[in-house]
Amino acid sequence: MRDTELQIDSSILSAIGSTPLVELKRHINLAGGRLYAKLEGFNPGGSAKDRPARAIIESAMAAGLIAPGTTIIESTSGNMGIGLAQVCRYYDLPLICVVDPRIQPQNMAILKAYGAQVDMVSQPLRGDYLRARLARVCHLLATTPNSFWPNQYANPENPRAHRTGTIDEIDQQLQGDYDYVFVAVSSTGTLQGCQQFLQSHGRRAQLVAVDAVGSVLFGGSPGRRLIPGLGAGQVPPLARDGVQADVLRVSDAQCVVECRRLAHREAILVGGSAGGVLSAIRARSNQLTGKTVVAILHDSGTRYLDTVFNDEWVETNLGLSAEELASLIHADELVSMEARQMCS
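Treat the numbers as computed from the prediction; the structure is a model and nothing was measured.

K.L.:
What should I look at first to understand unusual backbone geometry in this one?
P.N.:
Most of the time, phi is negative for any residue but glycine, and the peptide bond is trans. Located in the positive-phi region is Ser18, a residue other than glycine, with phi close to 55 degrees. Looking at where Ser18 falls in the secondary structure, it is placed in the segment before strand S1 (21-23). Assessed through its relative accessible area of 60%, Ser18 is described here as exposed. Phi at Thr188 is positive, roughly 75 degrees, even though this residue is not glycine. Inspection of the secondary structure puts Thr188 in the loop between strand S7 (180-184) and helix H6 (189-200). With a relative accessible area of 3%, Thr188 lands in the buried category.

Next comes the structure, spelled out in structure tokens:
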């Protein structure tokens with residue numbers, strides 16, 4: 001039984017937040033340490049992006065920037081669009097989501113189910129799809145009367161939603177006693193919100209940013225990336241304010257392997273960026289001995305059934321056969337077994 005009291009929410013939007021923090025006892029051995037996963041996929045829209053989506057729209061409504069009939073226009077790789085689609089549907093606001101061909105098929109279907117209009121750019125701009133999406137957003141804003149751009153890449157409501165929500169909940173759930181927080185980065189809203197909270201509350205916890213190989217964030221070099229919601233093709237304004245965090249980069253293959261491992265060992269399905277976070281923790285495990293570590297896992301794996309959890313997609317796009325993938329997933333299990341045998 002959970003210790004929290006059951007409650008009735010006043011609307012679907014009031015159900016955003018208060019996501020579970022689950023201890024992962026089987027996934028990575030921290031030699032006396034503890035690993036906790038903040039499962040943001042339990043938000044009603046299915047991801048951490050529900051938090052800033054609600055905060056941005058409601059703050060703009062309160063400021064008079066959004067009125068009945070205002071068209072909301074945003075660039076998205078999926079989750080932010082879904083969060084906005086849910087909020088806009090609730091407030092009866094038209095929404096245009098500008099996406100690119102890398103969007104997950106399930107995400108596209110969810111956007112349309114909420115009634116959002118999907119506008120897809122077909123070609124990258126100067127080698128980058130994000131740049132192309134933003135150019136399209138600017139065009140639509142200029143040609144659509146009574147329109148509003150949430151601009152998740154620059155809006156301070158994005159990090160504020162995580163500062164007063166995600167990390168504040170973690171802090172309460174662990175009573176301020178934790179050593180590391182690992183966060184996947186894209187718009188960097190979650191990272192910035194965590195940093196602001198830790199600094200303002202004098203917490204000793206160290207922040208680790210998990211970025212993608214091929215992302216230009218934190219001085220990275222641009223390259224091919226297949227996992228949505230991890231990394232960026234250009235530096236968002238939020239990231240220009242300075243981030244005080246260690247940075248670890250992970251590959252698409254590492255993300256896939258850790259997603260599969262988590263499903264196998266903990267019976268939890270998470271999305272690609274969450275696999276990246278867990279891969280970064282595994283890479284640092286020797287330094288995390290005896291520490292209390294929090295992994296913020298941004299969304300559910302149910303939206304990645306056609307990609308991360310599809311053997312054919314993995315082999316076609318990452319060059320890993322089902323047999324090779326299985327070998328990687330169980331590799332450290334074999335090492336652990338051999339160690340136990342040597343000690344017996």
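K.L.:
Is there a simple way to think about the nonpolar core in this case?
P.N.:
For soluble globular proteins, nonpolar side chains are generally found buried alongside one another. Among the nonpolar cores identified, the biggest contains 40 residues, and Leu35, Phe182, Val277, Ile281, Val293 and Leu297 are the most heavily contacted of them. Not counting chain neighbours up to four residues away, the residues in contact with Phe182 comprise Val208, Val210, Leu248, Val277, Ala280, Ile281, Arg284, Leu288, Val293, Val294, Ala295 and Ile296. In terms of nonpolar packing, the next biggest core, distinct from the first, is built from 23 residues, Ile16, Cys88, Ile103 and Met108 among them.

K.L.:
What is the right way to read the confidence of the model for the protein chain from this model?
P.N.:
Detailed conclusions should not be drawn from predicted coordinates in areas where pLDDT is low. Here the protein chain averages 92 in pLDDT, while 94% of its residues score no lower than 70. With pLDDT under 50 throughout, residues 334-344 is counted as low confidence; its partners more than four residues away or in other chains account for zero contacts.

K.L.:
How do you make sense of the sheet that holds strand S5 (residues 117-120) when you look at a structure like this?
P.N.:
Hydrogen bonding along the main chain pairs the strands of a sheet, whether they run parallel or antiparallel. As summarised here, the arrangement of the four strands in space is S5-S4-S3-S6, forming an open sheet in which the pairing is parallel. At either margin of the open sheet sits one strand with a lone partner, and together these are S5 and strand S6 (147-148). Looking at chain direction, strand S4 (residues 95-99) and S5 are connected through four bridges and run parallel. Across the sheet, residue Ile96 finds its bridge partner in S5, namely Gln117. Relative to S5, helix H3 (residues 105-113) is tilted by about 140 degrees, and along the sheet it contacts S4 and S5.

K.L.:
How should I be thinking about helix H9 (residues 311-318) in this particular structure?
P.N.:
Backbone nitrogen of Glu312 and a side-chain oxygen of the N-cap are separated by 2.9 Å at the start of H9; the cap is Asn310. The positive-phi residue at the C-terminal boundary of H9 is Gly319, with phi of around 75 degrees.

Analysis parameters
Residues numbered from 1 in each chain as written. Predicted model: local features only at pLDDT ≥ 70, side-chain atom pairs only at ≥ 80, totals over all residues. Heavy atoms only, no water. Helix = DSSP H or I, 4+ residues; strand = E, 2+ residues; numbered from the N terminus. Buried < 20%, exposed > 50% of the residue type's maximum accessible area, 1.4 Å probe, protein only. Core = buried A, V, L, I, M, F, W, Y, C linked by side-chain atoms within 4.5 Å. Contact = heavy atoms within 4.5 Å. pLDDT = per-residue confidence, 0-100. Pairing = 2+ DSSP bridges. Axes fitted to C-alpha atoms, helices over the stretch in contact; angles between N-to-C directions. Polar contact = N/O pair within 3.5 Å; in protein donor to acceptor, adjacent residues only side chain to side chain.

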